[in-house]
Structures are given as structure tokens and as C-alpha cells.
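Summary of structural features
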Amino acid sequence: MEAASWHNLEAAFVTGEPEPVTGLPLDRFLMPYFPGRAARWVNTYAPPGSWLLDPFGQDPFSVLELAKAGYRVLVTSNNPVPSFILKVLCAAPSQQEWSEVLTTLSNMRMLTGERLEDYINAYYQLDCPTPTCQGKAQVSSFICTEESPQPVKAFVRCPLCSLDAEVELTPELLESFPPLPAYTAHRIRALEMAASLNDPLRPVMEDVIRFYSERALVLFQVILSRVKSATLSDRQRMLIQALLLTTADQINQLWAYPLGKNRPHQLLRPPIYQEPSLWESLLRSKSQWSQFTEPVVIRTWPDLPPQKGGITLFEGRLRELSPLPDPSLFGAVFTSVPRRNQAYWNLCGLWSAWLWGRPAIEPLRHSLARQRYDWTWHVKALQKVISQLKNHTLPHTPLLLQIGELDPRFVLATLLASQDADLSLKSFSLDGEDITLQTVWDHETPSSHTPPDETIPSAARQAAKVFLADAGEPVSFLSLFTHISLSLYTDGLLKGQPQAQPNGTLNELEDQIEDVLRDDFHFERFYPGQTIDTGLFWLTEPPALYTPLIDRVEQNILEILQQFRQIPNHELVRLVYENIRGLLTPDQETIDAIIQSYADLDADANLTWTLRTNESLTERARDLQEVCGLLERMANQLKYSRILSRENIVWRDEQGRQVYTFFPSGTAIITPYLLKYASLPGLKLIVIPGGRANLLSYKLKRDPNLQSLVTSDWHFVKFRHLRNLIDNPLLSRELFASQIVGDPPEYRASQLALF
């Protein structure tokens, strides 16, 4: 694709809050939720009051936001779990209501008359490890390993001696736990709730149940039994089921210890994992469900929500939707494309059966029975849904497909599925953290250009070179791979893929692209690891002149600050994204490092940045004039001749040799000097304000290619260092030579917490 056409597809990434909300129900399996992002993105294509279609229904938090923003959203979802999350969050129970249902659950009675909470907690009590204490300590969490059938450590609290510590579970301490109720009987019951003995799903459910310890499985079944037999209102039962749903996730064995990212895609037990106590998990569940406090109208399709905004839910596949809406109804499609996730799908099947009975598992039966969730299959699964959009929307309707938790195969799968569904790509943008790709499509007749007579490897190599030259600095594997994939798609080279691969798999297509990047004749890797997706990629033969992305961002931010002088952070970020589009969106850390070099933050005034007085164009021009004057005085004092040009000041000795070249600059944009004047003789000195020193050090730390350009004959000098030298009465050529490089910039991480 020609550069002009390609750049027409590059959109500004539409952002919301800079950090995702955490601690939401099952959020480790769902699209990371950045408040404000969905509504702002959709608003660029359809005004509030418009109808939206979410064909996958796997992003309840964004759908809720859109409904609150005044949109009417039709959600189709054949997975009962996200549908249930949406229903509960729309109900927006109060903190008091959650507390009341927890109390109701706590006070349910066992056959012995014992309170349910006390009964459950008793199985997490052991003899206090303190030798002089005779009390019982309560376990809040176990630490387990794959090798040991029993927990190896526990976090315990003793109310008698105030112990609160991590302890090793010796055989004696393990013996002090009360014996569990019969495991086999409860395990059989847990399986029977999900699948009968001869059901093809029985082996699947048996495999999923293995990721619950005996203690967690037995006691969870005890609670389920008590709840099932209790007399509850429909709303009470719904809220208790919500608490149990998130508890069921917390007590499985998929939580790595110490807690890290913990976003599992497969049922794989970490080498060391954490298992919290069941009742503490229930208490934590309350906080997960109570973050949304504004009710939203939700109805069942074909009942419609009010014009002021709301949701209508169809619990089934898009192709099963009935009655069919008029295609002219929808102003846009908004959806988060689901990624391949064997762990989530299998757990959803088990949880659905436990909470709502065997019929609830039926919509997932086909997927669960398959079990082989490879990416080639995922292309077909996505294509089945995406291809239905032409039946429900007009050809020009914007289709906003959000790809979260970016991954090379996920990018390829979405592109191939959209291509096979005859969609036409209109724009794309990537966030600065390489997490989310925003793509906009429609299903007007896709361009029918003939694919070029070029192979995928050669086209991928050229695309990578173009992207790196455009970036002007080393880039991550993920952004580079995404660019190559999009370029191959727009050039028509993904037609017939992955079927054209030897075994017809998407993995082979991925390998074919990755092999291009392994070619060290064309590409250099900084900080390489064991796998191709590590380190930073750059060109072995870069252009003679190029502008690093960070320099463009710095120039852009400076222009914004000089124009507005005072600007809220969110507005500044929006303007930066408007200027730096497509896949080169700068990350928040880079933006922060630049803006803190020029402006001060008023956290009490809506996070507003104010350009420092000494950073105005007038003041910086005065500073540069002063520096030129200082260099003139010192040259005269040291008896060097001077040659002035627009960009530099040269000092020559009596023999006409070029001894020093000074490059006064009010910014930290140094790459043009490093490239253009690399061959100059003598010592080359870039003179910058002290306020640029930290930013310059950040750039050098961030960009290994920039480091390589700063050879031993380049040095950085702060304005104030020159002022100090001119005031030295002993200044001589020798003293100048030893002192001029004596105050190099050093990077110091900012202590300013923006968010």
C-alpha cells in the first residue's frame, strides 16, 4: 500500500482514564476496563441516543458505561457468565444490600445448628504456631506448590496472641486442621451438577474440577447446598450467586504466588500458587461487585430500553437473534473481540452449572466439547460472528472492534476473520502500552485490488523497514508485528491465509512473519531474550537522517504548552494522540517524562499542567542568547577563534584546528545534531538548560540506538555549568578541558505520582 493511503488509515487512539479499574468481577478474564474510553471512542462515530450492537457480549463494563452515556445497546451473548455480570451490575445494589445478603448467608444454619460462616471458617483454623499460645489461628490464605499435595505455608492471624504472619505448615500444624467432610461424595455431587455420567462433557468437567483443592471444593459445595435449600427472594438469590461466582474464581488454583499479572488463558497450575480462605474470598467479592453504584435499565430482547439509554440483552448467538432488528436501527457496532481462552471458557461452563443448573451449560456445550482451542479454529469462530454483522447493519455502519491483551496471533486471527467476513478496514490505532488495538471497519464492498506479485516474507521485510524508519527509534516486537500484519492485510497478502501454509495453521503464518525479524542482516535487536518477542528492534542500516518518535512527541507537547500555557492532563494527552497517530502512540511514561521537563502539575486543579515561566519562547530565546554570549566571552578569554552558524559555534585554535563545537539548544531534541555532525573533528558539546537534563537522560536510558550515537567525542553541558565556568578567575584552556565535561546529566525517576 502507498504511504499516503496507509497514513489515511492511521487514527488517533481514543483514551479514557490512564489506568484500568481493577478488582471488578472476573476482570482477569475480561477486557481491561479504562473508564471513559468506550464512550469517547463511540462518540466519534455515533451520538448518545444512538443504538449500538455488541455481537460478542464479552465486555460488560464497557457496555454499562455506554448505557450510562445515553446509548441504547443490544447485547448478544451465549455465555451466561458475562450476561449475569451485566444483569447484576445494572441492578447496582447498594453497599448496605451487599452487607445484608452476606449476613443472610453467614447466618444460614447447618443441620447441627451451627452458623454457616462459623462452620466454614472452622476448616481454616489450626493450632497457633506461637509456642506459648494455646489459641487457634485463622488462615487467610494458603501457599501451595505443584510438588506437594498439602499447602506448604499459610498466612495466619491469632486473636489471642495477635500473631499475624506467614508460617511454614509443619506436619504437626497440618494435623491440627479439622478433618474435611467426605471428599469423594462432594466431588461426585459437583460433577453431577455439571454433567451426568455418560455426558460427553463429563471428562471436561472432571478436568476443570482438578483445579480446586479438596478443601475449596468440599466447602464450596457445602455453601451451594445451603443456598439451594434456603428460602430467598429472587434478588437475594441473584446477589448471593454473584458473590459465589467471584468466590469460585478466587479459590481455584490459577493464582500465581506472589500475585502478579494472573490473567490465565489455559488451565495450567502455576508452580507456586495461592489459595485464599473461602469466607475471606466471599468478603472480597462484596468489594468487587459494589464498584458500580448507578442503576442502568436492562431488558430482555425484544423489549427496548428507554431513549435516555439502557441495555437489551439477548442470551444467545447473534445468528439466533429473533426477532431481527431493522439494519438501519444501529448507529454503530461496538465490541471487544474475545480472545482464545481455554481457562475462562471451561470455568464458565462449570460455574454456570453450579449456580444455575445443567441447562445453563448448554449454550457453551459445543465449545466445551471441542476443547482444542487453537488459533486457526479461533479465526473461524470469530468469522462466524463477524460475518453476521452484514445482516444486522447497513454497509456504511462503523464497526468498532477493540482487540485487548494484544498478542501476535490474536491480531492475525482478528484480521483474517474480518477479511473472511468481507469487512473493509477504515482505521486503526494502538495504545502506547501495546495493550489495545482499536480498529474501525465497515462492510461496504472491499477493494478488489489484485494482490501484488510479492511474497509474504519480502512484503513483511519491507513493511518492517518502513515502520522502523518512520518510528526513528527501536520499537517493541508487538508494535512491529502489528504493523506488518496490518500492512500484509491492506496489501491483500493475507488472502487465502492460513490455508496456504503447509499445514494450514495460523501458527505457521505467525512463524513466517517472525522469521523475517530474525534476519540480522536487516534488523538489529537490543536486549534480546530467548524468544523473538523480547527486546527492541531497529535497522542495521537506518536512513542517513531520521527523527525519533520521542523527539516528535517532545516538540508536539512543547507547542501545545506554548499555545495554551495551562492545560488539563487529559486534554494534553488527547492532543498528543491526535498528532501522533496509528501504531506510534506514545506511552504514558514518555509523555510524563517530557511534560515534567517543561511544566508544573496542579493536582488540585483537575490535574492541570502549567508551562513554567522560564520555559516561554521569550525566556528560552533570552537564555540561548546569553549562552552564545558566554561562549563568545570564553572564546576570547581562552584565545580561540569563533565560527558562528545557525546551529552551532565552533572554536578553533591558532593552527585552525577545530577543537570544540557547541550546539546550544532549549530542548532535549539532540538526534539531528548527532546524525548531521557525527564526522566533525574535535569535541562536540550539546548545551542544554538544566531542566532538560533529566529528560535527556531518560531518552538515553530508553533508546539504545541513541546511546550508540553518543560516541566519546559527544558531551552534554548544562547552561549553569557554563555560567559557573565563566566566573572562575583561574579559567584556562586546560581547566576548561577538564571541567567542561564534569557535570553530565543523570536520570532520576520522577517521584510525582500522576494517577
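For the structure itself, consult the block above.
A brief report on the enclosed structure follows. Keep in mind it's a predicted model, so treat the numbers as computed, not measured.

1. Some words on the sheet that holds strand 1 (residues 51-54)
Spatial ordering of the open sheet is given by 8-9-2-1-10-11-13-12, a layout of eight strands whose pairing is mixed. One side of each edge strand has no neighbouring strand; the edge strands of this open sheet are strand 8 (298-300) and strand 12 (424-430). Geometrically, the sheet is characterised by an average inter-axis angle of 20° between neighbouring strands, direction not taken into account. Pairing geometry for strand 10 (residues 330-336) and strand 11 (residues 399-403), over four bridges, is parallel. Along strand 11, the bridge assignment pairs Ser336 with Gln402. This element, helix 18 (residues 477-490), spans strand 12 and strand 13 (437-442) of the sheet and lies at about 170° to strand 12.

2. A word on unusual backbone geometry
A cis geometry characterises the amide bond from Tyr257 onward to Pro258, with omega recorded as 0°. Tracing the sequence through the fold places Pro258 in the loop between helix 11 (234-250) and strand 7 (272-276). Put simply, Trp301 and Pro302 share a cis peptide bond, and its omega is 15°. Mapping Pro302 onto the fold places it in the loop between strand 8 and strand 9 (310-314). Backbone geometry at Ser162 places phi at a positive 65°, although glycine is not the residue there. Along the chain, Ser162 turns up in the loop between strand 5 (153-157) and strand 6 (164-168). Although it is not a glycine, Glu405 adopts a positive phi angle of roughly 50°. Note that Glu405 resides in the loop between strand 11 and helix 16 (408-420). Overall, the relative accessible area of 15% leaves Glu405 in the buried class.

3. Points about the packing of helix 16 against helix 19 (residues 506-517)
Helices that pack against each other are described as a pair by the angle of their axes relative to one another and the distance between those axes. Look at helix 16 against helix 19: their axes get within 10 Å of each other, and the N-to-C directions meet at 115°. Both helix 16 and helix 19 take part in a crossing whose hand is right-handed. Contact with helix 16, carried on its side by Pro408, Arg409, Leu412, Ala413 and Leu416, involves Leu506, Asn507, Leu509, Glu510 and Ile513 of helix 19 and no other residues of that element. Its residues placed into classes, the contact of helix 16 with helix 19 shows seven nonpolar, one polar and two charged.

4. Observations regarding the pattern of salt bridges
According to the stated counting rule, one finds 37 salt bridges in the structure shown. Note that Lys426 is salt-bridged to Asp442, the shortest N-O span being 3.8 Å. Residue Lys426 is found in strand 12, and its partner Asp442 is found in strand 13; the two are separated by 16 residues along the sequence. Put simply, Glu571 and Arg574 hold a salt bridge, and the shortest N to O gap is 2.6 Å. Remark: Arg574 and Glu571 occur in helix 21 (residues 569-579); sequence separation between them is three residues, near one turn of the helix. Classification of Arg574 as partly exposed rests on a relative accessible area of 39%. One network of salt bridges, in which partners are shared, links Glu615, Arg620, Asp623, Glu626, Arg692 and Arg723.

5. A word on the pairing of strand 6
Inspection of the sheet shows strand 5 paired to strand 6 by five bridges, in the antiparallel sense. Directly across from Val156, in strand 6, lies its bridge partner Ala165. Between the antiparallel neighbours strand 5 and strand 6 lie six residues, among them Ser162 with a positive phi of about 65°.

6. Concerning the packing of helix 23 (residues 617-638) against helix 27 (residues 719-726)
Taken N-terminus to C-terminus, the directions of helix 23 and helix 27 make an angle of 35°; their axes are 10 Å apart at the nearest point. The two elements helix 23 and helix 27 meet at a crossing, and its hand is left-handed. Along its contact with helix 23, which presents Arg620, Asp623, Leu624, Glu626, Val627, Leu630, Leu631, Arg633, Met634 and Gln637, the element helix 27 presents Phe719, Leu722, Arg723, Leu725 and Ile726.

7. Let's talk about the side chain of Thr393
Relative to the helices and strands, Thr393 resides in the loop between helix 15 (375-386) and strand 11. At a separation of 2.7 Å, a polar atom in the side chain of Thr393 contacts the main-chain carbonyl oxygen of Leu389. A polar atom in the side chain of Thr393 sits 2.8 Å from the side chain of His443.

Calculation criteria
- Residues numbered from 1 in each chain as written.
- Predicted model: local features only at pLDDT ≥ 70, side-chain atom pairs only at ≥ 80, totals over all residues.
- Heavy atoms only, no water.
- Pairing = 2+ DSSP bridges.
- Helix = DSSP H or I, 4+ residues; strand = E, 2+ residues; numbered from the N terminus.
- Axes fitted to C-alpha atoms, helices over the stretch in contact; angles between N-to-C directions.
- Contact = heavy atoms within 4.5 Å.
- Buried < 20%, exposed > 50% of the residue type's maximum accessible area, 1.4 Å probe, protein only.
- Left-handed = near helix turned anticlockwise from the far one by under 90°.
- Nonpolar A, V, L, I, M, F, W, Y, C, P; charged D, E, K, R; others polar.
- Salt bridge = Lys/Arg side-chain N within 4 Å of Asp/Glu carboxyl O.
- Polar contact = N/O pair within 3.5 Å; in protein donor to acceptor, adjacent residues only side chain to side chain.

So far we have only geometry, and geometry alone does not tell us how the molecule works.
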